[in-house]
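# Inside the fold
As a plain string of letters, each chain reads:
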Amino acid sequence: MKRVFQTLGFAALTLFVLLPLVQVVLLSFTSTITREDVVLGSATWLNFANVFATERLAASLVNSTIYVTLNVGLCIAVALPAAYAFSRYRFRGARAAFFTLIAFRVTPPVVLSLPVFLVFSELNLLNTPVGVALAHSIFNVPIAIWILESFISAVPRQLDETAFLDGYSTPRFVVTQLLPVIAPGIGVTAFFCFMFSWVEVVFARTLTVTDGKPITTAIGSLFGFRTDIGLVMAMTVLSLIPGLVMIWFVRNHISRGFTVRV
Amino acid sequence: MTKDPNRGRPWLYLLPAFSLLALFGALPMAINAWHSLFDVFTLDSKLWVGLDWYREILTSARFYESFGRSLVFSAAVLAVQVPLGLLIALNLPRAGWLRSLGLVLLAVPLMVPWNMIPMIWLSLIDPETGLLGQAMAWAGIDFDHRFKALHTWILLIVMDTWHWVGLVAILSCAGLASIPAAYYQAAAIDRASRWQVFRFIELPRLRGVLLMAVMLRFMDSFMIYTEAFGINAGGPSGATTFLSLDLGEEIKAFDYGPAAARSVVYFAMTLAIAFAFWRAMTAERAEAA
């Protein structure tokens, strides 16, 4: 009886998740505006061909990839030492530091967008992938620290102590010995940073006024007097692919488990 | 571990992360707080108005109405997504390809750019071409998200659940997987019921990740912007105008003074909420230690 309910539940969940996506894929292969040579509503590859033929759409895929990659690299680089400190030391101010992380993680981009825009325009960080990557690190650095901390805490302290007896400095130990052990944690962290950065709209849009526009802006700009919804959906399908690849790589690490020890 | 003679060392390790946050998060917010005391025409020409903007915001009925709507929306989102996410995590197979498939499925909606989420759902419920819209039309359901407030709300909550329930489920799954098998064996020896296992083993061990999930879901739904705007731009007649939509409108209208003040007010609310979760989480840590 329990098996039946679980199977039904799984089927219902699958339907709920996939139905909107099926709609997206169907529309992406449908001709949705009147053209001379293609019948409205017929199946076609045209939408995908049009994405790659439209320079700003293709460019936006590249722009997004650049700032997300920068963001993931930056977040892991600064979060790794911080996570190590949180995991291995008890120190005065740790609780306050933790509060700061929570506060930055939960501050909504729409609240920060205007202040960040004004400061970044002073610092010449507008219209560049670097600016967007920096803005996204406001909410991704705390996430990266929490996840890495949980993976580091799962590593027995003996590993550190043996290495220090062997004369390793802390940075050298972290890079040569700890990093390989927590590689799955790096993967999971990269996944979450990737995810929150790839889908974010408000910062990505406000910080790129003239140049370096991300996929989210490019998709948004397709809406107008005569919206080609098929083209919009083709763009959406393409924007999902990097994420799916990421999920596939980390699926086992996520399911093996980590606790967010706070 | 406290034996380390170099007492400043942990702070040295925190320095890169925290200078990044200070420079690109705290500094803009501080400058913004300064701007909020002016009527800003351009950044070079502004007029001191003191706390006028704050007075205006905090005495307007509109602010409290939006606040109430955001609170109700967050409550609904949490009431649906936390139990549902937990239920999914508890019933996902413990191993095998079905588990991998389930996790991948749960993560897919998280990967959709936020401004596309309302577009996808609007196409889905389109009565002419949408799969769900056609089904509802066939069943005789007159779904009208444009003009019926209740229907807009239903659409927003279903859409938000589709988007985010995976995060709650994935975090819960990760927490569940970290419970040592010995705990379950001990429970089996004691002939504990399924409910007892959940109540006395799983739930206490999940408290940390669940608090995290509740916090992320609460804040993101409380300040929902992109998705809610895409569905009905705050309508019908303001029924889904949440806090952040008011702010978004002021920013779009280049009302820098009031927008800056509103940012500060919302940031203060964010800090208060973060503080509440921080208290709950550090209490949990003290218990666990």
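Reading guide: rules and limits
- Residues numbered from 1 in each chain as written.
- Chains lettered and ligands numbered in written order.
- Predicted model: local features only at pLDDT ≥ 70, side-chain atom pairs only at ≥ 80, totals over all residues.
- Heavy atoms only, no water.
- UniProt positions renumbered as here; feature names shortened; annotations may be inferred.
- Helix = DSSP H or I, 4+ residues; strand = E, 2+ residues; numbered from the N terminus.
- Core = buried A, V, L, I, M, F, W, Y, C linked by side-chain atoms within 4.5 Å.
- Buried < 20%, exposed > 50% of the residue type's maximum accessible area, 1.4 Å probe, protein only.
- Contact = heavy atoms within 4.5 Å.
- Buried area = accessible area lost by both parts, 1.4 Å probe.
- Polar contact = N/O pair within 3.5 Å; in protein donor to acceptor, adjacent residues only side chain to side chain.
- Nonpolar A, V, L, I, M, F, W, Y, C, P; charged D, E, K, R; others polar.

With that out of the way, let us pick up the UniProt feature "transmembrane region" (unreviewed entry) in chain B. The positions that UniProt labels "transmembrane region" (unreviewed entry) are, in the present scheme, residues 12-31, 71-90, 102-124, 162-184 and 259-278 of chain B. Each end of residues 102-124 of chain B is marked by a C-alpha atom, and these two atoms are 23 Å apart; helix forms 65% of the span and strand 0%.

The feature "domain: ABC transmembrane type-1" (unreviewed entry), as given by UniProt, occupies residues 67-277 of chain B in the numbering adopted here. Between the C-alpha atoms that bound residues 67-277 of chain B the distance is 19 Å, and the span itself is 75% helix and 0% strand.

Of all hydrophobic cores here, the largest spans 194 residues; its most connected members are Phe-120, Ile-145, Ile-182, Phe-191 and Phe-192 of chain A together with Met-215 and Tyr-266 of chain B. Ignoring sequence-local partners within four residues, the contact set of Ile-182 of chain A consists of Leu-80, Leu-148, Phe-151, Ile-152 and Val-155 of chain A.

So, about the UniProt feature "domain: ABC transmembrane type-1" (unreviewed entry) in chain A. The sites that UniProt annotates as "domain: ABC transmembrane type-1" (unreviewed entry) are residues 61-250 of chain A. With 78% helix and 0% strand, residues 61-250 of chain A has end C-alpha atoms that lie 22 Å from one another.

Turning next to the environment of Asn-32 of chain B. Mapped onto the elements, Asn-32 of chain B comes out in helix H1 (residues 9-35). Once the C-alpha coordinates of Asn-32 of chain B and Gly-257 of chain B are considered, the two residues, 225 residues apart in sequence, prove to be 9.2 Å apart. If we ignore the near neighbours within four places in the chain, the residues touching Asn-32 of chain B are Pro-115 of chain A together with Ala-260, Ser-263 and Val-264 of chain B.

Before going further, it helps to examine the interface of chain B and chain A. Interfaces are often sized by the amount of accessible area the parts lose when they come together. If you look at the interface, chain B gives 94 residues, while chain A gives 98 residues. It is Tyr-13, Phe-24 and Met-111 of chain B in chain B that bury the most area against chain A; as a group they hold 10% of the surface buried on that side. At the boundary of chain B with chain A, the tally comes to 12 residue pairs in polar contact (both at pLDDT 80 or more). For the side of chain B that touches chain A, the element with the highest residue contribution is H1 of chain B, accounting for 18 residues. Classifying every residue of the side of chain B that touches chain A gives 67 nonpolar, 21 polar and six charged.

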